[in-house]
Amino acid sequence: MEKLQQFKQWFFSLPLKEQRMVAGTAAVILITIFYLSIWEPIHVGLATEQQKQQSQNEILLWMQKAATEVKSLHASGSNSTIRDKNKPTTLVIEKTINNAGLKSSVSKLESAGNNGARVTLKDASFNQILVWLNTLSTHNGIQVVSANFERTDKPGGADVRLTFERP
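Residues numbered from 1 in each chain as written. Predicted model: local features only at pLDDT ≥ 70, side-chain atom pairs only at ≥ 80, totals over all residues. Heavy atoms only, no water.

Considerations on helix H3 (residues 89-100)
We count it as follows: Numbering goes from the N terminus for both helices and strands, where a helix is a DSSP run of H or I of at least four residues and a strand is a run of E of at least two. The span you would expect from a helix comes to 1.5 Å times its residue count less one. Burial classes: relative accessible area under 20% of the type maximum marks a residue as buried, over 50% as exposed, and values in between as partly exposed (1.4 Å probe, protein chains only). The arc in question is formed by the directions pointing from the helix axis toward the C-beta atoms. We call two residues in contact when some of their heavy atoms are within 4.5 Å.
Between its first and last C-alpha atoms H3 spans 16 Å; for twelve residues at 1.5 Å apiece the expected length is 16 Å, and the two agree. Those residues of H3 not exposed but buried are Thr-89, Val-92, Ile-93, Thr-96 and Ile-97. The buried side chains of H3 occupy one side of the element, clustering within an arc of 135° when seen end-on. Contact partners of the buried residues in H3: strand S1 (106-111), strand S2 (116-125), helix H4 (126-140) and strand S4 (157-165). One or two residues past the end of H3 sits Gly-101, with phi positive at roughly 80°.

If you want it as structure tokens, here you go:
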């Protein structure tokens, strides 16, 4: 309290012109502190959250389109017969990958148990993947047990990890 009293005494002892300069400088400093500590962080945080929400909405729309496409592909191929029943699952998957034009995207193909396989695709065309999965399911009886899709920077591209099983 004594410091405040000393400051007031010092301030009022200054000439009027200097009082105005000190008051103006103090106002600028207070406005700067308010802007840097309160206003800008709120503004930047809000913009960041809006970008995140827009990105999430784009992902949602992409997934909804993909789900619709998967359903239509699944419905269109229900009358096919099972081929290559006696061949190993990995060989059938490798053959269908080549036929689907995804060979260049395969980074890993390995066996998983007696009738299973794991496949990792990098920067593959999402539409080609859907057609390939439909072919595996309807024509070869190979089902996806687990799938992890990640969108890439390339439009329509995806990094995919899949686990298959033949019942």
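Quick word on the packing of H3 against H4
Let me state the cut-off plainly: In this description, a line fitted to the C-alpha atoms serves as the axis of each element, helices being fitted only across the stretch in contact, and the angle between N-to-C directions of two axes falls anywhere from 0 to 180 degrees. Any angle from 65 to 115 degrees is called roughly perpendicular, while one under 35 is roughly parallel, one over 145 is roughly antiparallel, and all others are oblique. Note: crossing handedness is left-handed where the near helix turns anticlockwise from the far helix by less than a right angle, and right-handed where it turns clockwise. Residues are grouped as follows: Ala, Val, Leu, Ile, Met, Phe, Trp, Tyr, Cys and Pro are nonpolar; Asp, Glu, Lys and Arg are charged; every other residue, Gly included, is polar.
Axis separation between H3 and H4 bottoms out at 10 Å; the angle between their running directions is 135°. One finds that H3 runs oblique with respect to H4. Handedness of the H3/H4 crossing: right-handed. Here Val-92, Ile-93, Thr-96, Ile-97 and Ala-100 of H3 lie close against H4, whose contacting residues are Gln-128, Trp-132, Leu-136 and Asn-140. Split into classes, the residues belonging to the contact of H3 with H4 amount to six nonpolar, three polar and no charged.

Here's the deal with the pattern of salt bridges
Rule in force here: Salt bridges are defined by distance alone: a side-chain nitrogen of Lys or Arg within 4 Å of a carboxyl oxygen of Asp or Glu.
Enumeration according to the criterion identifies three salt bridges in this entry. When the shortest N-O distance is used, the salt bridge between Glu-49 and Lys-52 registers 3.4 Å. Here Lys-52 and Glu-49 lie together in helix H2 (residues 16-76), a separation of three residues that amounts to about one turn. A residue is classified by how much of its surface remains accessible, and Glu-49, at 45% relative accessible area, is partly exposed. The class for Lys-52 is partly exposed, based on a relative accessible area of 47%.

Some remarks on the environment of Asn-99
Along the chain, Asn-99 falls in helix H3. Overall, Asn-99 belongs to the exposed group, its relative accessible area being 62%. Considering only alpha carbons, one finds Asn-99 and Thr-135, 36 residues apart in sequence, at a separation of 10.0 Å.

What about the nonpolar core?
To keep it simple, the criterion reads: For the purposes of this section, nonpolar cores are sets of buried Ala, Val, Leu, Ile, Met, Phe, Trp, Tyr and Cys residues that join through side-chain atoms within 4.5 Å.
Grouped together as the largest cluster of nonpolar side chains are 22 residues, with contacts concentrated most on Ile-93, Val-119, Leu-121, Ile-129, Trp-132, Leu-136 and Phe-164. Of all the secondary structure elements, the ones that give two or more residues to this core are H2, H3, S2, H4 and S4. Sorting elements by how many residues they give to this core places H4 first, with six residues. Excluding its chain neighbours within four sequence positions, the residues that come into contact with Leu-121 are Leu-102, Ser-105, Val-106, Ser-107, Ile-129, Trp-132, Ala-158, Asp-159 and Val-160.

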